[in-house]
Amino acid sequence: MEESDKKEVKKEGKMDKIVNLCLRRGVLFPSNEIYGSAAGFFDYGPVGVELKKNIENSWWKFVVNDRENVVGIDGAVVNVSKVWKASGHVDSFNDPLVECKKCHLRFRADHLIEDELKVSVDGVGVGQLQELIEKHEIKCPKCGGSLTEVQVFNLMFKTHVGAVEDEASLMYLRPETAQLIFTDFKRVLAVSRKKLPFGIAQIGRVFRNEISPRNFVFRSREFNQMELEFFIHPGKMNEIEIEKNDLKIECYFYTQEMQEKKTGQERMSFELALEKKVIGTKWHAYWMIEFFKWFIKIGIKPENLRFRQHVKTELSHYSSETWDLEYDYPWGWKEVEGIANRTDFDLKQHSKFSGEDLSFFDESEKSKVVPYVIEPSTGVERVVLTVLIDAYRERGDGRVFLDLKPSIAPVKAAVLPLMPKEELEKKARLVFNELKDKIVCDYDANGSIGKRYSRFDEIGTPFAITIDYQTLEDDTVTLRYRNDMKQERVKIRDLNEKMKKLIDE
Ligand code: GAP
């Protein structure tokens, strides 16, 4: 076996372990399990729901609360069909599909080719996919039967609203949150009284009838998106002063040209990327930097991230330039966030289809403009999974812990009486009650102390506070650190302050 193959097996093994951990510890698991689940639908358990909320709250604070020029909305999930006709999704939100002529199983053509040939076919059109299938005589992976021609398959879920099922009652479950921001643009502009440039953000559920959901929650059929639509005067796409220190940040770039020439990715600063016109506009670069920083802030290692530019054939129907922030997953580099220049496509389309004027009146120019849009868009579940993969660690003896940042960790501290003795439990309850008003903590008196430490390590709890017999004598507790398992004695009266400092760090 080649060295590279060994690495791949190890990486694949890691994913199985993470899925196992998610099931065992109540992070995420298949929905409707007792009835036999449908692929691509998941529920968060008690640990997962805290992790999800922490990630969403971190994003919301970073994008909305910390900025004067961004406001938020929370739009409806079921939308009238005209929204999706106008946005282009009814005609263009498709994936390539093939069906086995023998067993009639259906597959996503590009995924099938990637699995068979072990190459990336991101951005390859339907015609070329067909050619690849024919050239390499790719057959059904289940029964070996031959495949139909590649067709396109629309990913939107339809429903009918009201008592009559006809064309008029047809509605769609939204496949992205973005369109609600465009359809609410006029009202939000009026109530927020913002001036260009400004943004509208949203976190919420979306639905896609994926042909082949895979890699646990990475590609699901129901998931949550965190999206920002940032509106900019079309003539002012370069009018922003990016902080000097931010421009110096370096990361890997994999441009259209590098992909076409197969030269591999290159490390450079954002300053150089702008100078060399690798990134089209300064506002685009600004949001790429901001989200690169956010992913690092929530604990992702920068060396596992890169920016890959969409090649021309891959660009969505609304985009003039898109950069995917990719993570080095066990199954290869894949998108965790997309940052697109959607131009004025959506606002113009909705103006046309609704008859509403969705332009912005520019006071200084005394004229109307239809703003351009930079859209950073990411999936909550994809971020959750990325955080788990990046934080997964094994100790020398095989025990597992998640090296989560305290700000993201589902439980910040575990309060543990050393043994199930009444006097220890009573004291531990006092400590827990005092702490739980300040931070999310958990109380656990069941099982050996070693097993309890391991349980909390596995869900990434950064601190454990143990109440023992010395506590009863001198009012100190043991504070144990998850990563190095070091312990120190801390006075109970100093605990609140100490925990706050540690979590903020
Ligand atoms: N509004 C633009 C948009 O929706 P996208 O690249 O289709 O663009 C944005 O999706 C993000 O949503 C992706 O970067 C990914 O994080 C997440 N995402 C997309 N499809 C997904 C799926 N089937 N399951 C989980 N997350 C998904």
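See the structure printed just above.
Rules behind the numbers
Residues numbered from 1 in each chain as written. Predicted model: local features only at pLDDT ≥ 70, side-chain atom pairs only at ≥ 80, totals over all residues. Heavy atoms only, no water. Helix = DSSP H or I, 4+ residues; strand = E, 2+ residues; numbered from the N terminus. Buried < 20%, exposed > 50% of the residue type's maximum accessible area, 1.4 Å probe, protein only. Contact = heavy atoms within 4.5 Å. Pairing = 2+ DSSP bridges. Phe/Tyr/Trp six-rings, centres within 6.5 Å; stacked < 30°, edge-to-face > 60°. Lys NZ or Arg CZ within 6 Å of the ring centre and 35° of its normal. Patch = residues over 30% accessible without salt bridge, like charges linked within 9 Å, V, L, I, M, F, W, Y side chains within 5 Å. Areas by Shrake-Rupley, 256 points an atom, 1.4 Å probe, with all protein chains shown as cover. Salt bridge = Lys/Arg side-chain N within 4 Å of Asp/Glu carboxyl O. Near = heavy atom within 4 Å. Polar contact = N/O pair within 3.5 Å; in protein donor to acceptor, adjacent residues only side chain to side chain.

> Give a detailed account of the environment of P175, specifying residues and quantitative values.
Examined against the element boundaries, P175 turns out to sit in the loop between β9 (170–173) and α7 (178–183). Judged by relative accessible area, which is 0%, P175 ranks as buried. The sequence separation of P175 and Y453 amounts to 278 residues, and the corresponding C-alpha distance is 41 Å. Filtering out sequence-adjacent residues up to four positions away, P175 remains in contact with W84, H89, F93, M156, V206, F207, R208 and Q225.

> Could you give an account of the pairing of strand β26 (residues 487–491), naming the residues involved and the relevant values?
Pairing of strand β25 (residues 476–481) with β26, which is carried by five bridges, proceeds in the antiparallel orientation. Note that in β26 the partner of T476 across the bridge is K491.

> Quick rundown of the packing of aromatic side chains? Include the residues and the values.
One pass over the structure, following the stated rule, counts 26 aromatic pairs. Both rings, one in F185 and one in F198, keep their centres 6.2 Å apart while their planes meet at 25°; by these two values the pair is stacked. On the criterion of sequence distance, the pair formed by F185 in helix α8 (residues 185–192) and F198 in strand β10 (residues 198–207) is long-range, its members being 13 residues apart. Accessibility assignment for this pair places F185 and F198 in one class, buried. An aromatic cluster of at least three residues, connected via ring pairs, comprises W59, W60, F62, F230, W283, Y286, W287 and F291. For the cation-ring pair, R429 lies above Y443, with the distance from its terminal atom to the ring centre recorded as 3.8 Å. Of note, R480 hangs over the ring of Y453, and the distance from its end group to the ring centre comes to 4.3 Å.

> Residue-level account of the pairing of strand β12 (residues 250–254), with values.
With four bridges connecting them, β12 and strand β13 (residues 266–269) associate as antiparallel partners. For E250, the partnering residue across the bridge sits in β13 and is S269. Where β12 and strand β14 (residues 305–309) come together, three bridges link them in parallel fashion. Across the sheet, the residue bridging to Y254 is R308, located in β14.

> How would you explain a nonpolar patch on the surface if you had to name every residue and give the values?
Judged by side-chain polarity, M419, Y469 and L472 come together as a nonpolar surface patch covering roughly 230 Å² of accessible area. Structurally, the position occupied by L472 is in helix α17 (residues 469–474).

> Summarise the side chain of T378; cite the residues concerned and give the values.
Structurally, the position occupied by T378 is in strand β19 (residues 372–379). The exposure class of T378 is buried, given its relative accessible area of 2%. If near-sequence neighbours (up to four positions away) are discounted, T378 is found in contact with W59, N224, Q225, M226, F295, V336, E337 and V383.

> Tell me about the site of the ligand, residues and numbers included.
Lining the immediate surroundings of the ligand are 21 residues, of which E176, R208, E210, E227 and E335 lie closest. Between the ligand and E176 there is a distance of 2.6 Å, counted from a nitrogen atom to a side-chain nitrogen or oxygen. One nitrogen or oxygen atom from the side chain of E210 is found 2.8 Å from a nitrogen atom belonging to the ligand. Summarising the interface, the protein chains cover 91% of the accessible area of the ligand, which totals 550 Å² for the free molecule. The set of elements that each furnish at least two residues to the shell around the ligand consists of β11 (222–232), β16 (332–343) and β19. Per-element tally for the shell around the ligand: the top contributor is β16, with five residues.

> Tell me what's going on with the pattern of salt bridges, and back it up with residues and numbers.
In total, this model carries 44 salt bridges according to the counting rule given. In this structure, E326 and R306 form a salt bridge, with 2.8 Å as the shortest nitrogen-oxygen distance. Separated by 20 residues along the polypeptide, E326 in strand β15 (residues 321–329) and R306 in strand β14 bring together distant segments of the chain. Judged by its relative accessible area of 2%, E326 falls in the buried class. Among the charged side chains, a network of salt bridges with common partners joins D122, R306, R308, E314, D324 and E326.

> Outline the side chain of E114, supporting the account with residue identities and numerical values.
Mapped onto the elements, E114 comes out in helix α5 (residues 109–117). What makes E114 buried here is its relative accessible area of 13%. Residues contacting E114, with those up to four places away along its chain left out, are V119, S120, V121, D122 and K334.

Honestly, that's just the spatial picture; any functional story needs more than this.
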